[in-house]
Amino acid sequence: MNGRKKETKIVIFGAYDSGKTTTLDNLCEKKTNVEYNGTTIALDYGNTLVNGEKIHLFASPGQERFKFMREILSTGLDGAIVVVDNCRGVTDMESEIMSQLDSGNVPYVVFANKQDLSKEELKISFNTEIVPTIATDGAGLRYGLEVLLDKI
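Residues numbered from 1 in each chain as written. Predicted model: local features only at pLDDT ≥ 70, side-chain atom pairs only at ≥ 80, totals over all residues. Heavy atoms only, no water.

> Tell me about the overall build of the protein chain, residues and numbers included.
A count of helical and extended segments in the protein chain gives four helices and seven strands. Secondary structure elements of the protein chain, listed N to C terminal, follow the sequence β-α-β-β-β-α-β-α-β-β-α. Against the compact-globule benchmark of 15 Å for 152 residues, the protein chain has a radius of gyration of 14 Å, which places it among compact chains. Taken over the C-alpha atoms alone, the protein chain extends approximately 35 × 35 × 30 Å along its principal axes. Looking at the protein chain as a whole, 51% of its 152 residues are labelled buried. Total accessible area on the protein chain stands at roughly 7600 Å², and carbon and sulfur atoms take up 49% of it. (Helix = DSSP H or I, 4+ residues; strand = E, 2+ residues; numbered from the N terminus. Rg over C-alpha atoms; globule rule 2.2 N^0.38 Å. Buried < 20%, exposed > 50% of the residue type's maximum accessible area, 1.4 Å probe, protein only. Areas by Shrake-Rupley, 256 points an atom, 1.4 Å probe, with all protein chains shown as cover.)

Below is the structure:
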């Protein structure tokens, strides 16, 4: 158990259309999406079990106007996943999120998503694990979650 509690809160961050909802959908058995025309407007929620531990996953909206929701979701988080669209690289928003996570000493991993579209190596200036993923078919997601849980 690594001394962790029986339930863990993880928030999935990333810019618009990076693959946050698809990541959550493919990691969780049970999920709820709050969307309008296919865009997350409040949050997506799901949970899963890893080694008997219940993991609560919240995917934040990626549009800048929903920054307040990212702040609300950040309260009490145990760890984070930052989903980056590997085709476009790290956005200013994602850099800001990683800086905030670093300054708050919050464990996180970066999912370099859309590896099926771009195999170019993602380069970031943050000291964290980068996990190549393809959210649409689930490739790398479970491994990345386990890497994060080991950091918590």
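After that view, the rundown keeps rolling.
> Can you lay out the layout of surface pockets for me, pointing to particular residues and giving the numbers?
Each pocket or cavity is described by its volume, and for the second largest pocket that value is around 210 Å³. Taken together, 14 residues form the lining of the second largest pocket, with Phe13, Arg70, Ser74, Ile97 and Gln100 sitting closest to its centre. Among the elements of the structure, helix 2 (67–74) and helix 3 (92–103) are those that each provide at least two residues to the lining of the second largest pocket. Ranked by residue count, the leading element in the lining of the second largest pocket is helix 3, at five residues. (1 Å grid on protein atoms, 1.4 Å probe; cavity = no way out; pocket = protein on both sides within 12 Å on 5 of 7 lines; lining within 4 Å. Points joined across faces, edges and corners; volume = space filled by probe spheres on them.)

> Can you lay out the side chain of serine 18 for me, pointing to particular residues and giving the numbers?
Relative to the helices and strands, serine 18 is located in the loop between strand 1 (7–13) and helix 1 (20–27). Serine 18 has contacts with Val83, Val84, Asp85, Arg88, Glu94, Asn113 and Lys114, leaving out every residue within four places of it along the chain. (Contact = heavy atoms within 4.5 Å.)

> An account of the pairing of strand 5 (residues 79–85) is needed here, citing residue identities and associated values.
Counting buried positions along strand 5 yields seven of seven residues, so the element is predominantly enclosed. The alternating pattern of strand 5 places Gly79, Ile81, Val83 and Asp85 and Ala80, Val82 and Val84 on opposite faces, both of which are buried. Here strand 1 pairs with strand 5 via four bridges, running parallel. What sits directly across from isoleucine 10, in strand 5, is glycine 79. One ladder, built from six bridges, connects strand 5 with strand 6 (residues 108–113); its direction is parallel. What sits directly across from aspartate 85, in strand 6, is asparagine 113. As a crossover connection, the stretch from strand 5 through helix 3 into strand 6 is right-handed. (Pairing = 2+ DSSP bridges. Right-handed = clockwise from strand over helix to strand, strands pointing away.)

> Give me the lowdown on the side chain of lysine 9, citing residues and values where you can.
In this fold, lysine 9 is placed in strand 1. With no salt bridge to any partner, buried lysine 9 finds its closest opposite charge in aspartate 78, at an N-O distance of 8.1 Å. At a separation of 2.5 Å, a polar atom in the side chain of lysine 9 contacts the main-chain carbonyl oxygen of threonine 75. The residues touching lysine 9, leaving out its near neighbours within four places in the chain, are His56, Phe58, Leu73, Thr75, Gly76, Leu77, Asp78 and Gly79. (Lys, Arg positive; Asp, Glu negative; His and termini not counted. Salt bridge = Lys/Arg side-chain N within 4 Å of Asp/Glu carboxyl O. Polar contact = N/O pair within 3.5 Å; in protein donor to acceptor, adjacent residues only side chain to side chain.)

> Give me the confidence of the model for the protein chain: which residues, what numbers.
For the protein chain, mean pLDDT is 87; residues scoring 70 or higher make up 90% of the total. Of all helices and strands in the protein chain, the one with the weakest mean pLDDT is strand 2 (residues 30–36) (66), whereas strand 5 scores best (97). (pLDDT = per-residue confidence, 0-100.)

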